[in-house]
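What follows is the residue order along each chain.
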There are 2 protein chains.
Amino acid sequence: MQKETLSKNQKIILDYIEKVNEPIKAYSILHNVQKKGIKAPPQVYRALDKLVEIGKIHKIESKNAFVACKNSNCQISKATAFSICESCEEVSEISDHKLSKYLKTFQEKAGMKFNKYNLEFFGLCKKCSIK
Amino acid sequence: MQKETLSKNQKIILDYIEKVNEPIKAYSILHNVQKKGIKAPPQVYRALDKLVEIGKIHKIESKNAFVACKNSNCQISKATAFSICESCEEVSEISDHKLSKYLKTFQEKAGMKFNKYNLEFFGLCKKCSIK
DNA sequence: TTGTTAATTGTTATAATATAACATTAAATA
DNA sequence: TATTTAATGTTATATTATAACAATTAACAA
């Protein structure tokens, strides 16, 4: 799904998330797109749901925040991994090929039919480690 | 930390979570322990925070639910992995040694000092696959 | 082009999840 | 036993998310 096929509100919200370039919360998004005519939470959550569904953004579950996908720009994201600094709150998307390959293998061994996973690492980023 | 060293409310809430044996939400816990004298959300959330901290329970982030730890009974849990059935909502804790070893190695390679991770797989469990 | 269906939007209200703040009590320990 | 740390009780409120329904727009088959 290309950006051009997104609806008006979806585009407004994706543009904003891409612009801020860090995880952002739904009500913060709402606050920041009100000048564009988006007035109520359901308008934001609907767009977020859709954008997550098509892989344009991810939800950082441990933070109830949303961030633009950095990996591929037009592919449903079934495999997400993030590192989260517990000090400065910085979040980066991890796209380690070996990791996703390993997790895929793991899925195949298990008794379940998996179709998605999310991995969140917590710790101290480089900058905060040396403080 | 042993169960005996838990406070009154912590014990009540851990007992309840262990009894139900599936992920349960904070307000559902509250509802079910009111007969034991726990009356308000902060009492529940405080106990939950502590129990998570000492590894007696885990939070399933994608569901805002809490579940008793199945792995070791008295150890801080820094490495959690769950499989979640998208149909029947069943959640199981995964304790695959190779997986945790792999993720540990992965941590060491990365630029961050990790101290915790949480992995959530989504899919269909055996029962729901054959329906 | 029109009629029909599906998707999206706008809107109000409210549900569900979680914490702030502060007074009180109990437990641990110097 | 004095002190301080942890836990509790309580009220209020903040934060996150969805229900419900009417109105509008887009997609597309007849």
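Note: the structure precedes this text.
Just so you know, these numbers come straight off a predicted model, no measurement behind them.

K.L.:
Help me get a handle on the sheet that holds strand 5 (residues 113-124) of chain A, residues and values and all.
P.N.:
Backbone-to-backbone hydrogen bonds pair the strands of a sheet. The strands run either parallel or antiparallel. Pairing is mixed across the open sheet formed by six strands, whose spatial order is 4(A)-3(A)-5(A)-5(B)-3(B)-4(B). One side of each edge strand has no neighbouring strand; the edge strands of this open sheet are strand 4 (91-93) of chain A together with strand 4 (91-93) of chain B. Averaged over neighbouring strand pairs, the angle between their axes works out to 20° when direction is ignored. In terms of strand pairing, strand 3 (residues 79-85) of chain A meets strand 4 of chain A through three bridges, oriented antiparallel. For A:Ser83, the partnering residue across the bridge sits in strand 4 of chain A and is A:Ser92.

K.L.:
Any chance you could break down the interface of chain B and chain A for me, citing the residues and the numbers?
P.N.:
On the side of chain A, 31 residues touch chain B, which itself brings 31 residues to the contact. The junction of chain B with chain A conceals about 2,800 Å² of combined surface from both sides, 65% of it contributed by carbon and sulfur atoms. Our count for the contact surface shared by chain B and chain A stands at zero salt bridges. Along the contact surface separating chain B from chain A lie 10 residue pairs in polar contact (both at pLDDT 80 or more). Looking at the side of chain B that touches chain A, the elements that each hand over two or more residues are strand 3 (79-85), helix 4 (97-109), strand 5 (113-124) and helix 5 (126-129) of chain B.

K.L.:
Lay out the protein's contact with DNA strand C with the relevant residues and their values.
P.N.:
Not every one of the 17 residues close to DNA strand C is listed here, only the nearest: A:Gln43, A:Arg46, B:Lys25, B:Tyr27 and B:Lys59. One of the backbone N or O atoms of A:Asn9 is found 2.9 Å from a phosphate oxygen in DNA strand C. Contact distances for DNA strand C include 2.8 Å between a base nitrogen and a side-chain N or O atom of B:Tyr27. Counting residues per element, the ones that place at least two in the surface near DNA strand C are helix 1 (8-20) and helix 3 (41-53) of chain A together with helix 3 (41-53) of chain B. For the surface near DNA strand C, the element with the most residues is helix 3 of chain B, which contributes four residues. A breakdown of the residues in the surface near DNA strand C according to their chemical character gives six nonpolar, five polar and six charged.

Parameters at a glance
Residues numbered from 1 in each chain as written. Chains lettered and ligands numbered in written order. Predicted model: local features only at pLDDT ≥ 70, side-chain atom pairs only at ≥ 80, totals over all residues. Heavy atoms only, no water. Pairing = 2+ DSSP bridges. Helix = DSSP H or I, 4+ residues; strand = E, 2+ residues; numbered from the N terminus. Axes fitted to C-alpha atoms, helices over the stretch in contact; angles between N-to-C directions. Contact = heavy atoms within 4.5 Å. Buried area = accessible area lost by both parts, 1.4 Å probe. Salt bridge = Lys/Arg side-chain N within 4 Å of Asp/Glu carboxyl O. Polar contact = N/O pair within 3.5 Å; in protein donor to acceptor, adjacent residues only side chain to side chain. Near = heavy atom within 4 Å. Nonpolar A, V, L, I, M, F, W, Y, C, P; charged D, E, K, R; others polar.

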